[in-house]
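Structural characterization, general
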Amino acid sequence: MNILAIDTSTMISTVTIASDNEIIGDFNVNQQRTHSESLVPMIENLLELLGMTIKDIDAFVISKGPGSFTGLRIGMTVAKTLAQVNNKKLIPISTLEVLANNSSSNYLKAPMMDARGNRVYAAVYDKDEEEIIKEDLYEIEDFVKLVDALDQEVELIGEISGKYCEYFKNAHTLPINFNNCIGKSLIRLGLIHINDNSNLFEISPNYLRKSQAEREYEKKNKV
């Protein structure tokens, strides 16, 4: 089985391909251009380097968010289009769950993504990868209180982990190779969920909050 995974939830575009449970290609680019300019060429280039075509892919995996609104929309659109045109399965996975999966330690894992304004998209998972603090949008102070109340050592995973590490009582950060580029973990979780039933036309990005445009519209039209 050949699986292609896509992540565009941050500034990094990621395309990863596995064949028979082996990672055979992993392409990550932190770029100034938008995902709409780079994602499809990345997919085409990686397939060409591997001597494959899109017809060789048996299933697709997509990180469904949270994350960048624009990035999530682009990644989801490309993934759904490829799955629909080729009549293949699309497996959506939480970006935070995938980020936590970058670490295999026995500590609690707290993936965090910047939501701006001292807010984070975050969750906490235990060593068995079970969610023990739900995935949500948090004020950083509120998330710190929830994590500290667990009274356990916790790994902060994500590019902003260093910014907030000192806020927590028993937290530590991980080396830079754990904090982004989640394609390989997407593949692993995609294989775990390969037999899940998911309706392609019902899959959508998980933004966890309304876009700025939606918030401004509601504010202007508030009675």
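Our subject in this report is the structure included herewith. Throughout, residues of each chain are indexed from 1 in the direction in which the sequence is written. Reporting in this predicted model follows two pLDDT cut-offs: at least 70 for local features of residues, and 80 or more for side-chain atom pairs to be given and counted; totals over whole chains, interfaces and linings ignore these cut-offs and use all residues. Remark: hydrogens and water are excluded; side-chain values derive from all non-hydrogen atoms of the structure.

1. Things to note about the packing of aromatic side chains
Geometry of aromatic contacts follows a simple scheme: Phe, Tyr and Trp rings, the Trp one being its six-membered ring, pair when their centres are within 6.5 Å, and the pair is stacked under 30 degrees between planes, edge-to-face over 60, tilted otherwise. Counting across every chain of the model gives four aromatic pairs. Centroid distance tyrosine 164 to tyrosine 167: 5.2 Å. Interplanar angle 85 degrees. Geometry classified as edge-to-face. For tyrosine 164, a relative accessible area of 1% gives the class buried. Only protein chains enter the accessibility calculation, which uses a 1.4 Å probe; a residue whose area is less than 20% of its type maximum is buried, one above 50% is exposed, and one in between is partly exposed.

2. Digging into the pairing of strand 1 (residues 2-7)
For helices the rule is a DSSP run of H or I covering at least 4 residues; for strands it is a run of E covering at least 2, with both sets numbered from the N terminus onward. Burial analysis of strand 1 places six of its six residues in the buried class, the great majority of the element. Neither face of strand 1 is left uncovered, since the one carrying Asn2, Leu4 and Ile6 and the one carrying Ile3, Ala5 and Asp7 both have all their residues buried. Bridging between strand 1 and strand 2 (residues 12-19) involves six bridges; their strand directions are antiparallel. From the neighbouring strand, alanine 5 faces strand 2, where its bridge partner is threonine 16. The pairing criterion for strands is at least two bridges between them, as found by DSSP.

3. Quick notes on the sheet that holds strand 10 (residues 171-173)
Sheet architecture is open: five strands sit in the order 8-7-6-9-10, paired in mixed fashion. What marks the edges here is a single partner per strand, and that holds for strand 8 (131-139) and strand 10. Along the sheet, successive strands turn relative to each other by an average axial angle of 20 degrees, direction set aside. Looking at chain direction, strand 6 (residues 108-114) and strand 7 (residues 119-125) are connected through four bridges and run antiparallel. Bridge pairing in strand 7 links lysine 109 to tyrosine 125. Should any heavy atoms of two residues lie within 4.5 Å, those residues are counted as being in contact. Angles run from 0 to 180 degrees between N-to-C directions of axes, and those axes are lines fitted to C-alpha atoms, restricted for helices to the stretch in contact. Packed onto the sheet, helix 4 (residues 140-149) meets strand 6, strand 7, strand 8 and strand 9 (154-157) and runs at close to 160 degrees relative to strand 8.

4. Re unusual backbone geometry
The peptide bond linking glycine 65 to proline 66 adopts the cis configuration, its omega dihedral lying at 10 degrees. Structurally, proline 66 is set in the loop between strand 4 (59-63) and helix 2 (69-85). A positive phi angle is found at asparagine 87, which is not glycine, with a value near 55 degrees. Structurally, asparagine 87 can be placed in the loop between helix 2 and strand 5 (89-93). You can call asparagine 87 exposed: its relative accessible area is 69%.

5. Digging into the side chain of serine 105
When you line up the elements, serine 105 lands in the loop between helix 3 (95-100) and strand 6. By the criterion applied in these results, polar contacts are pairs of N or O atoms within 3.5 Å in which, for protein atoms, one can donate a hydrogen and the other can accept it, and in which residues neighboring in sequence qualify only through two side-chain atoms. A distance of 2.8 Å separates a polar atom in the side chain of serine 105 from a polar atom in the side chain of glutamate 155.

6. Digging into a negative patch on the surface
Exposure above 30% relative accessible area and the lack of any salt bridge qualify a residue for a patch; like charges then connect within 9 Å, and the nonpolar side chains Val, Leu, Ile, Met, Phe, Trp and Tyr within 5 Å. Note on areas: Shrake-Rupley with a 1.4 Å probe; residue coverage comes only from the protein chains shown. The term salt bridge refers to a pairing of a side-chain nitrogen on Lys or Arg with a carboxyl oxygen on Asp or Glu at a separation within 4 Å. When charges are counted, neither His nor the chain ends are considered; positive counts come from Lys and Arg and negative counts from Asp and Glu. Charge coordinates come from a single atom per side chain, which is NZ of Lys, CZ of Arg, CG of Asp or CD of Glu. Taken together, the side chains of Asp20, Glu22, Asp56 and Asp58 present a region of like negative charge at the surface. One can find glutamate 22 in strand 3 (residues 22-30).

7. Some remarks on the environment of glutamate 155
With respect to the helices, strands and loops of the structure, glutamate 155 is situated in strand 9. Judged by its relative accessible area of 4%, glutamate 155 falls in the buried class. Once the C-alpha coordinates of glutamate 155 and leucine 39 are considered, the two residues, 116 residues apart in sequence, prove to be 30 Å apart. Setting aside residues no more than four positions away along its own chain, glutamate 155 makes contact with Ser103, Ser105, Tyr107, Leu108, Lys109, Ala110, His172 and Leu174. In this structure the side chain of glutamate 155 is engaged in a polar contact, spanning 2.7 Å, whose partner is the side chain of serine 103.

8. Observations concerning the nonpolar core
Take the buried Ala, Val, Leu, Ile, Met, Phe, Trp, Tyr and Cys residues and link them wherever side-chain atoms come within 4.5 Å; each set so joined is a nonpolar core. Counting residues in hydrophobic clusters, the biggest one holds 24 residues, and the most contacted among them are Ile3, Val61, Ile93, Leu96, Val98, Tyr121 and Leu186. Breaking this core down by element, the ones donating at least two residues are strand 1, strand 4, strand 5, helix 3, strand 7 and helix 6 (183-192). Looking at this core element by element, the count peaks at four residues for helix 3. Apart from residues no more than four positions distant in its own chain, isoleucine 3 is found in contact with Thr16, Ile17, Ala18, Ile57, Ala59, Val61, Ile187, Leu191 and Ile194.

9. Notes on empty space enclosed by the protein
Grid points spaced at 1 Å and placed over the protein atoms alone form the basis of the search, with a cavity being a set where a 1.4 Å probe fits but cannot get out and a pocket an open set showing protein on both sides within 12 Å along at least five of seven lines. Lining residues have an atom within 4 Å of a point. Grid points are joined across faces, edges and corners, and a volume is the space filled by probe spheres set on the points. By the definition in use, this model includes one cavity of 30 Å³ or more. Counted as a void, the largest cavity has a volume near 70 Å³. Considering the residues around the largest cavity, the lining is formed by Glu97, Ala100, Asn101, Ser103, Lys109, Tyr125, Asp126, Glu129 and Leu189. Classification used: nonpolar for Ala, Val, Leu, Ile, Met, Phe, Trp, Tyr, Cys and Pro, charged for Asp, Glu, Lys and Arg, polar for all others including Gly. In terms of residue class, the lining of the largest cavity is made up of three nonpolar, two polar and four charged.

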